[in-house]
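Read off the chains here:
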Amino acid sequence: MLKRSVSILFLVLTACWVQAAEPRFVDGTHYTTLATPLKTSYRGAEVGEIMEFFSYGCIHCYNFEPAVQRFLAEKPDSIRYTYVPVMFNERQAPEVRAYYVIELLKLGVTAHQAIFNEIHQQRKALRTDGQFAKFFTRFNLTEDEYLAHAYSFGVNAKVNTSIYLTGNSGIGGTPSIIANGQYLIESGAVGGNEQALYAAKWLIEQDALIQ
């Protein structure tokens, strides 16, 4: 409880400074409030969550990733950052499973970036479970081990979460940013994808003021 209170106090003080230094983001202009908020996963001392909806096949997501890493290096620990691999259709299932295998095995940003690089730098296809299984052998997995993880109970549950979040998010493409499960940032209105991260942070800080 004390840790959460300190986190909220920090964000309140930061929000006061932000209000003085940055323009206010307006509902209907800079972001849209979802009629039905998405389920969030932040807990304990965390006071908010930023969700990034992305696809490995999306060149804009690939180009966005360096900005994401800069943001992650400086954001407060009390704000959770959650990658959501989108599932608009069944063809995206293999890459969704691949991301959640990375999560399951704690392979981190190295494997995450390697998939982007394989597709967008090396121009190699990663569209099927079999292609991903071969790719993951570089991370000391056999193809059979990868497939076993990709279709494990835990990953299946995460895939279902991705389907739910994508279907109820209101997004029209990737990358898209949602703050606290309810504020869909309009990237074009706030100055681009990188600025959308800071708009999301600002909205979380505003929510913290009224908690």
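Everything below is about the structure printed above this text.
What you see is a predicted model, and the numbers here were worked out from it, not measured in a lab. (Residues numbered from 1 in each chain as written. Predicted model: local features only at pLDDT ≥ 70, side-chain atom pairs only at ≥ 80, totals over all residues. Heavy atoms only, no water.)

Draft legend 1. Layout of the overall build of the protein chain. Within the protein chain one finds nine helices and five strands. Walking the protein chain from its N terminus toward its C terminus, one meets helices and strands in the order α-β-β-α-β-α-α-α-α-α-β-β-α-α. Here the protein chain holds 211 residues, and 49% of them are scored as buried. When contacts within the protein chain are restricted to residue pairs at least 6 apart in sequence, those whose partners lie at least 24 apart make up 74%. Taken as a whole, the protein chain presents about 10,500 Å² of accessible surface, with 54% of it coming from carbon and sulfur. (Helix = DSSP H or I, 4+ residues; strand = E, 2+ residues; numbered from the N terminus. Buried < 20%, exposed > 50% of the residue type's maximum accessible area, 1.4 Å probe, protein only. Contact = heavy atoms within 4.5 Å. Areas by Shrake-Rupley, 256 points an atom, 1.4 Å probe, with all protein chains shown as cover.)

Draft legend 2. Focus on the sheet that holds strand 1 (residues 31–33). Read from one edge to the other, the open sheet built from five strands follows the order 1-5-4-2-3, with strand pairing classed as mixed. Of all strands in the sheet, those with a lone pairing partner are strand 1 and strand 3 (79–85), marking the two edges. Ignoring strand direction, the axes of neighbouring strands in this sheet form an average angle of 25 degrees. (Pairing = 2+ DSSP bridges. Axes fitted to C-alpha atoms, helices over the stretch in contact; angles between N-to-C directions.)

Draft legend 3. Just the packing of aromatic side chains, in detail. This model, assessed by the stated rule, comprises 17 aromatic pairs. Plain terms: the ring middles of Tyr56 and Phe116 are 5.0 Å apart, the flat faces sit at 65 degrees to each other, and that makes the pair edge-to-face. Linking Tyr56 in the loop between strand 2 (48–54) and helix 2 (59–74) with Phe116 in helix 4 (residues 108–120), this pair joins segments that are 60 residues apart in sequence. By relative accessible area, Tyr56 is classed as buried at 0%. Owing to a relative accessible area of 0%, Phe116 belongs among the buried residues under this scheme. Consider the rings of Phe136 and Phe139, whose centres lie 5.9 Å apart with planes at 50 degrees: the pair is tilted. Taken individually, Phe136 and Phe139 each receive the classification buried, so the pair is uniform in this respect. These aromatic residues form a ring-pair network of at least three members: Phe54, Tyr56, Tyr62, Phe71, Tyr81, Tyr83, Tyr99, Tyr100, Phe116 and Tyr198. (Phe/Tyr/Trp six-rings, centres within 6.5 Å; stacked < 30°, edge-to-face > 60°.)

Draft legend 4. Region of interest: the pattern of salt bridges. This structure, assessed with the given rule, holds five salt bridges. Across the pair Arg138 and Glu118 runs a salt bridge, and its minimum N-O distance is 3.3 Å. A residue pair is termed long-range when its members are at least 10 positions apart, and Arg138 in the loop between helix 5 (129–135) and helix 6 (143–150) and Glu118 in helix 4 qualify at 20 residues. When its relative accessible area of 47% is taken as the criterion, Arg138 is described as partly exposed. In this structure, the salt-bridge partner of Lys201 is Glu205, at a minimum N-O distance of 2.6 Å. Highlighted residues: Lys201 and Glu205, both in helix 9 (residues 193–209), separated by four residues, approximately one helical turn. When sorted by exposure, Lys201 lands in the same class as Glu205, which is buried. (Salt bridge = Lys/Arg side-chain N within 4 Å of Asp/Glu carboxyl O.)

Draft legend 5. Region of interest: the pairing of strand 3. Extensive coverage of strand 3 is indicated by the burial of six of its seven residues. Relative to strand 3, strand 2 is paired through seven bridges, and the arrangement is parallel. Bridged to Glu49 within strand 3 is Arg80. Viewed along the sheet, the connection from strand 2 through helix 2 into strand 3 turns out right-handed. (Right-handed = clockwise from strand over helix to strand, strands pointing away.)

Draft legend 6. Representation of the packing of helix 3 (residues 93–105) against helix 4 within the structure. Running from N to C, helix 3 and helix 4 cross one another at 160 degrees; their axes reach a closest spacing of 9 Å. Considering the angle they form, helix 3 stands roughly antiparallel to helix 4. The handedness of the crossing between helix 3 and helix 4 comes out as right-handed. Here Ala98, Tyr99 and Ile102 of helix 3 come into contact with helix 4, specifically with Gly108, Ala111, His112 and Ile115. Among the residues making up the contact of helix 3 with helix 4, the classes are represented as five nonpolar, two polar and no charged. (Parallel < 35°, antiparallel > 145°, perpendicular 65-115°, else oblique. Left-handed = near helix turned anticlockwise from the far one by under 90°. Nonpolar A, V, L, I, M, F, W, Y, C, P; charged D, E, K, R; others polar.)

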